[in-house]
Amino acid sequence: MITALAVLIILLMFSALALHIFGLPANWIILAFIIGWKLFFPATMSWNFISILALIALAGEILEFAAQYFGGKKYGATGRGSLGAFVGAIAGAILGAPFLFGLGALPGALLGSFGGCLVLELTHGRTFAEAQHSAWGAFWGKAFGLAIKISLGVWMFTLSIPKIWPS
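Before going further, it helps to spend a moment on the overall build of the chain. A tally of regular secondary structure across the chain gives six helices and zero strands. Ordered by position in the sequence, the α and β elements of the chain form the string α-α-α-α-α-α. Overall, the chain is about 65 × 35 × 20 Å in size when its C-alpha atoms are taken along their principal axes. Looking at the 167 residues of the chain, the share that counts as buried comes to 41%. Here the analysis covers contacts within the chain between residues at least 6 apart in sequence; of these, 67% occur between residues at least 24 apart. Taking the average place of the 8 positive charges on the side chains of the chain and the average place of its 4 negative ones, the gap between the two points comes to 9 Å.

Laid out in structure tokens, this is it:
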């Protein structure tokens, strides 16, 4: 019976990884599944292990936005442009979510990052070419940040399997 439950929870965690595509907090959902497993089977893992996974999930969130910020900075974005990219990414993910059965959240976040940075750089008095250059930096930084976040989610999933699988 425990093997069937282990297979189920591992499949649910694997499925949760796909939620990254929809702009949903996949790493936190994986962590919730692991905490649920710990509550029902306390001997399988320690709270220290869960704390480490929580730190990995938190690092994913921080690195996602840090990559966007520094990507924009590398391409010349101002603080205002970086703020626009941050707000634009969130707004773009929300506005893009209804399209393509939820898959629009990912391109929405990327385009929102670009558009938010572009608009606020233009209102800051920059030329269109400068603002566009900064916006591309925010766009590619956001894409890199998402890749980091997804990679950390895969790492969390991989670290958890031996703790869940019955020995």
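Now that the structure has been shown, we can carry on.
The next point concerns a nonpolar patch on the surface. A surface patch of nonpolar side chains, about 460 Å² in accessible area, is lined by Leu 83, Phe 86, Val 87, Ile 90 and Ile 94. The topology assignment puts Val 87 in helix α4 (residues 79-96). Note on Val 87: relative accessible area 48%, which makes it partly exposed.

The subject of this paragraph is the packing of helix α3 (residues 47-74) against helix α6 (residues 128-164). One can describe the packing of α3 onto α6 by two numbers: an axis separation of 5 Å at closest approach and a directional angle of 165°. In terms of their interaxial angle, α3 and α6 are classed as roughly antiparallel. With respect to the hand of their crossing, α3 and α6 are arranged in right-handed fashion. When the residues that make up the contact of α3 with α6 are grouped by side-chain class, the tally is 16 nonpolar, nine polar and five charged.

To continue, consider the side chain of Ser 160. Within the secondary structure layout, Ser 160 lies in helix α6. Apart from residues no more than four positions distant in its own chain, Ser 160 is found in contact with Met 13, Ile 34, Phe 49 and Leu 53.

This paragraph deals with the packing of helix α2 (residues 26-40) against α3. Helix packing for two helices is described by the angle between their axes and how far apart those axes are. Contact geometry for α2 and α3: axes closest at 10 Å, N-to-C directions at 170°. Between α2 and α3, the angle falls in the class roughly antiparallel. Together, Asn 27, Trp 28, Leu 31, Ile 34, Ile 35, Lys 38 and Leu 39 of α2 and Trp 47, Ile 50, Leu 53, Ala 54, Ala 57, Leu 58 and Glu 61 of α3 make up the contact between the two elements. A class-by-class count of the residues in the contact of α2 with α3 yields 11 nonpolar, one polar and two charged.

Below, the discussion takes up the nonpolar core. Among the nonpolar cores identified, the biggest contains 20 residues, and Ile 30, Ile 34, Met 45, Leu 53, Met 156 and Ile 164 are the most heavily contacted of them. Listed by contribution, the elements that provide at least two residues to this core are α1 (2-17), α2, α3 and α6. For this core, the leading source of residues is α1, giving six residues. When residues no more than four places from it in sequence are discounted, the contact partners of Ile 34 are Met 13, Met 45, Ile 50, Leu 53 and Ser 160.

The full count for this structure, using the stated rule, is five salt bridges. Glu 64 serves as the salt-bridge partner of Lys 149, at 3.1 Å between the closest nitrogen and oxygen. Taken together, the positions of Lys 149 in helix α6 and Glu 64 in helix α3 put the pair 85 residues apart, joining distant regions of the chain. Note on Glu 64: relative accessible area 4%, which makes it buried. As a salt-bridge pair, Glu 130 and Arg 126 come within 3.8 Å of each other at their nearest N and O atoms. Via salt bridges that share partners, Glu 61, Glu 64, Lys 142 and Lys 149 belong to a single interconnected network.

What counts, and where the lines are drawn
Each chain carries its own residue numbering, running from 1 in the written order of its sequence. Local features in a predicted model are, by the rule used here, given only for residues with pLDDT of at least 70; side-chain atom pairs are given and counted only at 80 or more, and totals for whole chains, interfaces and linings are based on all residues. Excluding hydrogens and water, the side-chain values take into account all heavy atoms of the structure. Numbering of helices and strands runs from the N terminus; a helix is a DSSP stretch of H or I covering at least four residues, while a strand is a stretch of E covering at least two. The buried label applies to any residue whose accessible area, calculated with a 1.4 Å probe on protein chains only, is under 20% of its type's maximum; exposed applies above 50%, and partly exposed to all values in between. What makes two residues a contact is simply this: any of their non-hydrogen atoms within 4.5 Å. The positive count covers Lys and Arg only, the negative count covers Asp and Glu only, and His and the chain ends enter neither. We put the charge of a Lys on NZ, of an Arg on CZ, of an Asp on CG and of a Glu on CD. Note on patches: the residues involved have over 30% relative accessible area and no salt bridge, like charges join within 9 Å, and the nonpolar side chains Val, Leu, Ile, Met, Phe, Trp and Tyr join within 5 Å. The Shrake-Rupley method, run with a 1.4 Å probe, gives the accessible areas here. Residue values count only the displayed protein chains as cover. Note on definitions: salt bridges are taken to be side-chain nitrogens of Lys or Arg within 4 Å of carboxyl oxygens of Asp or Glu. To obtain each axis, a line is fitted to C-alpha atoms, and for helices this fit is confined to the stretch in contact; angles are then taken between N-to-C directions over 0 to 180 degrees. Roughly parallel refers to an angle under 35 degrees, roughly antiparallel to one over 145, roughly perpendicular to one between 65 and 115, and oblique to any angle outside these ranges. For a crossing to be left-handed, the near helix must be turned anticlockwise from the far one by less than a right angle; the clockwise case is right-handed. Amino acids outside the nonpolar list (Ala, Val, Leu, Ile, Met, Phe, Trp, Tyr, Cys, Pro) and the charged list (Asp, Glu, Lys, Arg) are all regarded as polar, and Gly is one of them. In plain words, nonpolar cores are sets of buried Ala, Val, Leu, Ile, Met, Phe, Trp, Tyr and Cys residues tied together by side-chain atoms within 4.5 Å.

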